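Here's the letter readout for the chains.
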Amino acid sequence: MRRVIAVCAATAAVALPLVLTTPAAAADDAKVTVVHGVPGLTVDVYGSADETYTAEEALLQDFEPGTVTDPVDLPGGTYNLAVFPAGADPSGDPAIEATGVEVPAGANLSVVAHLNASGDPVLAAFANDVDPVAAGQARLVVRHTAAAPAVDILAGGKPVFSGLTNPKEDSADLPAGSVSAAVALAGTTDPVIGPADLDLKEGTSTIVYAYGSAEDANLALAVQTIGGLHSSPSGVPSGTAELPADRTPFALAGIALLALVAAGAMGRRAQRVRA
Amino acid sequence: MEPAAAARRWRVGAAVSLVVAVAAVVALTGWFLGRPAPTAGDGLGALRETTTTAAPTPTPTPSVRPSVSASVRAATPEAATAPPPARLRIPALGVDATVRAVGVQRDGAMVIPASPTSVGWYRYGSAPADPLGHTVIAGHVATREDGAGALAPLAGAEKGMRVEVVDADGTTHRYVVRGRESIRKKALPVDEIFAREGRPLLVLVTCGGEYIPELRSHRDNVVVTAVPVP
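Note that the structure is predicted; figures quoted are calculated from it, not measured.

**Structural notes on the overall build of chain B**
A tally of helices and strands in chain B yields three helices and twelve strands. Taken over 230 residues, chain B has a buried fraction of 38%. Taking all contacts inside chain B whose residues are at least 6 apart in sequence as the whole, residues at least 24 apart take part in 62%.

Printed below as a string of structure tokens:
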């Protein structure tokens, strides 16, 4: 597990050219993140309006398993997507193809190349929940995209999501912080992936993909994060008692009154004495 | 004693008493006039300005559309985090408080440290060293247990007063007060106060206004904005 994460990190700095014939980003563009969850296959990804793919339609090149792209703005529409082994001629038969992928305007999608439950590579689109989370919370989404039976997701050794099957997802809003996450076959607590530490940052969504194949013993996790989902605290309750009152004005008024009474009394006394 | 001398002494006494009375009235007038106004400086102008003005966003590398570049990121992207603030000082008001990093209560409101010498920094928002967003520090005006709180003097904040925030790593960030305002708690513009975008701003919050014993709460929040001094 540690090794897999290290491999993912090693490819982190690689910036890949993403060439798309699209107009400048518009406000209602969809945000699309591409996730590679097929082990052992470095690929090129193509996107096209028709069913033939040309070199100009390459979205991603040399895309490594276990990695995730930054979100890309795409105009809403219907796309055909194809995955070829890296460097392969795109006019041939793709390794994976998904036709008629709907990308609604303004949506936030993750397009995931992964293995289905029986181990065949597929391309699937997941809609990402970008509703704000409450102040102090973080969202954890888990997607089963591995050739593996139903699994439970454990956090700190306890199941948080149970009986998740490929290609389903489950999610929960949790207090922000670090959790130790692991994947176990449904009904067991013996990890088949992990445990791995996940830093659930406040106001973000952390999307964890369990990918790979149980049969080939290469199950692993890929992580996508979506930021900017934070909410403000509801208020600032900064006082549980009244500030002790300032007694200065009462003291001053008292002094003035006493002095006036004294002055009156002494004035009358002065007149009486003289008389 | 001669009646004339006695009369003189009583007259002097009366005069002195009168002078004391007048002095007390003058002092009282001075106290009334010297009370802080409900608003100081431009109130919440600074707050609105920083949230409504477009932030100086880093211009993306000039790239000819339609060519965009997507980077592939690691399983867990590392983000540099700014050091948390550790101390808040407002010399003109005698405020010198320990700053603790705080989150939210179960009801969603910001946590306020109970100690009368501590204030809370909203740790999910921006820190003084962050290039964008508001640093929010709040403290009690008073608590049932300890009386006056760390930010009780905030009601006297005036435009131009200096504020210092010292980070945990020892860096001092200097600010100058732009304004102070009392706002009904129900109308507190939380999204503007806790903004994580926009130009850096220090927002200090405490309570004020009428105290409602049944709610164990004040009617208002006192909000002070301070801008960084370059």
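**Thoughts on the overall build of chain A**
Across its full length, chain A holds two helices and 18 strands. The buried share of chain A, reckoned over its 275 residues, is 41%.

**Quick notes on unusual backbone geometry**
Note: most residues except glycine have negative phi, and most peptide bonds are trans. Residues and elements named next belong to chain A. Along the chain, Asn-166 connects to Pro-167 via a cis peptide bond; the corresponding omega equals 0 degrees. Cis geometry marks the peptide bond from Gly-194 to Pro-195; its omega dihedral reads 5 degrees. Topologically, Pro-195 is positioned in strand S16 (residues 191-200). Look at Ala-217: it is not a glycine, yet its phi comes out positive at around 55 degrees. Tracing the backbone shows Ala-217 in the loop between strand S17 (205-213) and strand S18 (220-226).

**Some details on the pairing of strand S3 (residues 43-48) of chain A**
Residue and element names in this part refer to chain A. Taken across its six residues, S3 has five buried, putting it largely inside the fold. Relative to strand S4 (residues 58-63), S3 runs antiparallel, the two sharing three bridges. Paired with Tyr-46 across the two strands is Ala-58, which belongs to S4.

**Considerations on the nonpolar core**
If you look at the biggest cluster of nonpolar residues, it comprises 59 residues, and the most contacted ones within it are Val32(A), Val45(A), Ala181(A), Val208(A), Tyr209(A), Ala210(A) and Leu221(A). Ranked by residues supplied to this core, first place goes to strand S11 (residues 137-147) of chain A with six residues. Leaving out residues up to four positions away in the same chain, Tyr209(A) has contacts with Val35(A), Gly37(A), Val112(A), Arg143(A), Thr145(A), Leu221(A) and Ala222(A). Among the nonpolar cores identified, the runner-up in size contains 51 residues, and Ala241(A), Tyr122(B), Ala152(B) and Val163(B) belong to it.

**Describing the sheet that holds strand S15 (residues 177-185) of chain A**
All names here are of chain A. The antiparallel open sheet is built from four strands, whose spatial order is S13-S12-S15-S16. Whereas interior strands pair on both sides, the edge strands pair on one side only; in this sheet they are strand S13 (158-164) and S16. Sheet twist, expressed as the mean angle between neighbouring strand axes with direction ignored, is 20 degrees. Of the pairings in the sheet, the one linking strand S12 (residues 151-155) to S13 comprises four bridges and is antiparallel in character. By the bridge assignment, Val-151 is partnered in S13 with Leu-164.

**A short note on the sheet that holds strand S8 (residues 96-103) of chain A**
Residues and elements named next belong to chain A. Spatially, S4-S3-S7-S8 is the arrangement adopted by the four strands of the open sheet, whose pairing is antiparallel. With one partner strand each, in any of the chains shown, S4 and S8 form the two edges of the open sheet. Here the average twist between neighbouring strands, direction ignored, is 20 degrees.

**Examining the environment of Ile207(A)**
Residue and element names in this part refer to chain A. Positionally, Ile-207 belongs in strand S17. Given 25 C-beta atoms within 10 Å, Ile-207 falls into the buried group. Sequence separation of Ile-207 and Val-101 is 106 residues, and the distance between their C-alpha atoms is 21 Å.

**So, the confidence of the model for chain B**
Residue and element names in this part refer to chain B. In the predicted model, chain B carries a mean pLDDT of 83, and 86% of its residues have values of at least 70. Contacts for the low-pLDDT stretch residues 51-78, under 50 throughout, to residues beyond four places or in other chains number 51 contacts. Across the interfaces of the predicted complex, the ipTM metric reaches 0.76, alongside a pTM of 0.78.

**As for the environment of Arg174(B)**
Residues and elements named next belong to chain B. Following the sequence through the fold, Arg-174 ends up in strand S10 (residues 172-184). On the basis of neighbour count, Arg-174 is assigned to the partly exposed category, with 15 C-beta atoms found within 10 Å. Each C-alpha atom, one on Arg-174 and one on Arg-162, is 7.2 Å from the other, the two residues being twelve residues apart in sequence. Dropping the residues within four chain positions of it, Arg-174 is found in contact with Arg-162, Glu-164 and Val-229.

**What about the environment of Arg268(A)?**
In this fold, Arg268(A) is placed in helix H2 (residues 248-274). Residues Arg268(A) and Val35(A), spaced 233 residues apart in sequence, show a C-alpha to C-alpha distance of 99 Å.

**Topic: helix H1 (residues 3-34) of chain B**
Taking 1.5 Å per residue as the helical rise, H1(B) with its 32 residues ought to reach 46 Å, and the 46 Å between its terminal C-alpha atoms agrees with that figure. Every buried residue belonging to H1(B) is among Trp10(B), Ala14(B), Ser17(B), Ala21(B) and Ala24(B), and all of these are buried.

Rules behind the numbers
Residues numbered from 1 in each chain as written. Chains lettered and ligands numbered in written order. Predicted model: local features only at pLDDT ≥ 70, side-chain atom pairs only at ≥ 80, totals over all residues. Helix = DSSP H or I, 4+ residues; strand = E, 2+ residues; numbered from the N terminus. Buried ≥ 20, exposed ≤ 12 C-beta atoms within 10 Å, placed from the backbone. Contact = placed C-beta atoms within 7 Å. Pairing = 2+ DSSP bridges. Core = buried A, V, L, I, M, F, W, Y, C linked by C-beta atoms within 7 Å. Axes fitted to C-alpha atoms, helices over the stretch in contact; angles between N-to-C directions. pLDDT = per-residue confidence, 0-100. Expected span 1.5 Å × (residues − 1).

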